[in-house]
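One-letter residues, chain by chain:
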Amino acid sequence: MADYTSELDAVILALQEKLSSVEENLASLGETDAGQAVVIESVSAESAALATRVSALEGTVPAEDPRVAELQKLFGMLSEAATTTGKSVSALSQVVSDLDARLKKIESPRSSLVPGTYKPGPGTTGHVGTLTPTVGGITTTQAGQVFQNLLINGPVVIKHPGVQFINCHIKAGLSPATDPSYAAIKCYDALTSPAKIIDCTIESVPTSNLSSCGVQGRDVEVIRCNIFGSIDGVMSTNSNVRIISCWIHDLPKHPVVATHKDGSHNDGVQAQGGNNVEIIGNYIVLGYKNNAGVMATQDVTKVNGLVIDRNWFSSIEPTKENQTPVAINITQTAKGAMAGVKVTNNVFSLPATWRLDRAALIDSGTYDAMVAAGTLAGNVYEDGTPARITRNSVAA
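Residues numbered from 1 in each chain as written. Predicted model: local features only at pLDDT ≥ 70, side-chain atom pairs only at ≥ 80, totals over all residues. Heavy atoms only, no water.

Colleague: So what exactly am I meant to see when it comes to the pattern of salt bridges here?
Modeller: Opposite charge on two side chains allows them to pair when their charged atoms are near. Enumeration over the complete set of coordinates arrives at nine salt bridges. The residue Arg242 makes a salt bridge to Glu221 at a minimum N-O spacing of 3.6 Å. In this pair, Arg242 is assigned in strand β15 (residues 241-244) and Glu221 in strand β12 (residues 220-223), connecting sequence segments 21 residues apart. Classification of Arg242 by relative accessible area gives partly exposed; the value is 30%. Take Glu221: its relative accessible area is 12%, and that puts it in the buried class. The residue Asp309 makes a salt bridge to Arg310 at a minimum N-O spacing of 2.6 Å. Each member of the salt-bridge network shares a partner with another, and the members are Arg110, Asp199 and Arg224. (Salt bridge = Lys/Arg side-chain N within 4 Å of Asp/Glu carboxyl O. Helix = DSSP H or I, 4+ residues; strand = E, 2+ residues; numbered from the N terminus. Buried < 20%, exposed > 50% of the residue type's maximum accessible area, 1.4 Å probe, protein only.)

Written out as structure tokens, the structure is:
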């Protein structure tokens, strides 16, 4: 298939030509049909605007895309509609509307993806295209800033509400020895509106035992990001954290760290408490001596609202004693049962891939509350059999 932007341009040009032909036919109908002519003129203008948008896409889209076929089908519909003048106006208006909707998906194809309906990976997470490098990291300076298409050579510190990082590659670099909890992105402050990290590659230095987190903090949304190289992929330190459709993988085990005597405890996501934490539609890959795909505690504060829904968890370490114990570990840390916890519709690699031969451990108080509320359901292994989730009597 040729570069599809060229094909799309051809479709739009053909659309314009057909519109001109139909307009000529309508013009012969006389003044009583002036309203139809006005509509055709409007549709012609809309098609021209579509062509302009297509031109702006040149060089920024993949070489092949199945949406081309959809657009060609629409053009076929247009050609058929144009053969009967009486049906042309309404049909052409609908075709332009459909073309516009599909073009919006092409301009930002990932935005049309529905979390939990596909397994995230290299084609649906992280940055694309050529980026502009920065000198050093970035600390936000005001609310609502947007940083886009940047190669950020250093850590990001978010201190203001409504900030967005879109299609960036954040390379955290080496941590100073004075910062044992070094994160590629820090968002520690309580914000009135969340920061958003969208379609970014978040890369930590895998050889450094100070590469603590890809993203750490609160009041932040991490969407369709490719996160790797850190001890924890994302650490939620308090409320209002959403981790959506991310690919979290390659979290290296370090035998020596400042925080644990037995080396690093690598988690895809670690949630330390708070309200409104959502982990939805992610693909979390666990390797050598990792700790958990999701580790939820109340180390910072009690939990009220934790959703773990429609994720994929894979343990890929072949040696039993070095495997990740379980995909999900929820423990109340002696603060009483968590409230509002939902673990639903997740998919796990087979039991033998987990060191404890089960998908999850949940403390007894939280487990019982979830069963009573019907929020522990639909979890399966990748072969479709029900996932083994254990009620753990240890409140630690």
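Let's pick the thread back up.
Colleague: Sorry, what's going on with the sheet that holds strand β22 (residues 312-315) here?
Modeller: Within a sheet, each strand pairs with its neighbour through backbone hydrogen bonds, oriented either parallel or antiparallel. With parallel pairing, the ten strands of this open sheet are ordered in space as β1-β4-β7-β10-β13-β16-β19-β22-β25-β28. Edge positions in the open sheet fall to β1 (132-133) and β28 (380-381), since each of these has one partner strand only. Alignment of β1 against strand β4 (residues 150-153), held across two bridges, turns out to be parallel. Residue pairing across strands places Pro133 opposite Leu151, the latter belonging to β4. (Pairing = 2+ DSSP bridges.)

Colleague: Sorry if this is basic, but what is going on with the pairing of strand β26 (residues 360-363) here?
Modeller: Within a regular strand, the side chains alternate between the two sheet faces. Where burial is concerned, the two faces of β26 agree: the one with Ala360 and Ile362 and the one with Leu361 and Asp363 are both buried. Bridge analysis of β26 against strand β29 (residues 389-392) gives four bridges, and the strand direction is parallel. Among the inter-strand pairings, Leu361 is bridged to a residue of β29, identified as Thr390.

Colleague: What should I look at first to understand the environment of Val285 in this one?
Modeller: On the secondary structure map, Val285 appears in strand β19 (residues 283-286). Sequence-wise, Val285 and Ala327 are 42 residues apart; in three dimensions their C-alpha atoms are separated by 9.5 Å. Those residues in contact with Val285 that sit more than four places away from it in its chain are Trp247, Ile248, His249, Asp250, Asn290, Ser314 and Ile316. (Contact = heavy atoms within 4.5 Å.)

Colleague: Just checking my understanding: could you explain the nonpolar core for this structure?
Modeller: The nonpolar side chains of soluble globular proteins are, as a tendency, buried together. In this structure, Ile158, Phe165, Ile202 and Ile328 are the most contacted members of the largest nonpolar core, which totals 60 residues. Here the element with the most residues in this core is strand β8 (residues 182-187); it accounts for four residues. Those residues in contact with Phe165 that sit more than four places away from it in its chain are Ile138, Thr140, Phe147, Ile152, Val156, Ile158, Lys196, Ile197, Ile198 and Cys200. Listed in part, the six residues of the second largest apolar core include Ile166, Ile198, Ile223 and Ile244. (Core = buried A, V, L, I, M, F, W, Y, C linked by side-chain atoms within 4.5 Å.)

Colleague: What is the right way to look at the sheet that holds β12 in this model?
Modeller: Here nine strands make up an open sheet; going across it, the order is β3-β6-β9-β12-β15-β18-β21-β24-β27 and the pairing parallel. At either margin of the open sheet sits one strand with a lone partner, and together these are β3 (146-148) and β27 (376-377). In the sheet, strand β24 (residues 339-344) pairs with β27 via two bridges, with the strands oriented parallel. By the bridge assignment for β27, Thr344 is matched with Ala377. Helix α5 (residues 364-373) contacts β24 and β27 of the sheet and is inclined by roughly 75° relative to β24. (Axes fitted to C-alpha atoms, helices over the stretch in contact; angles between N-to-C directions.)

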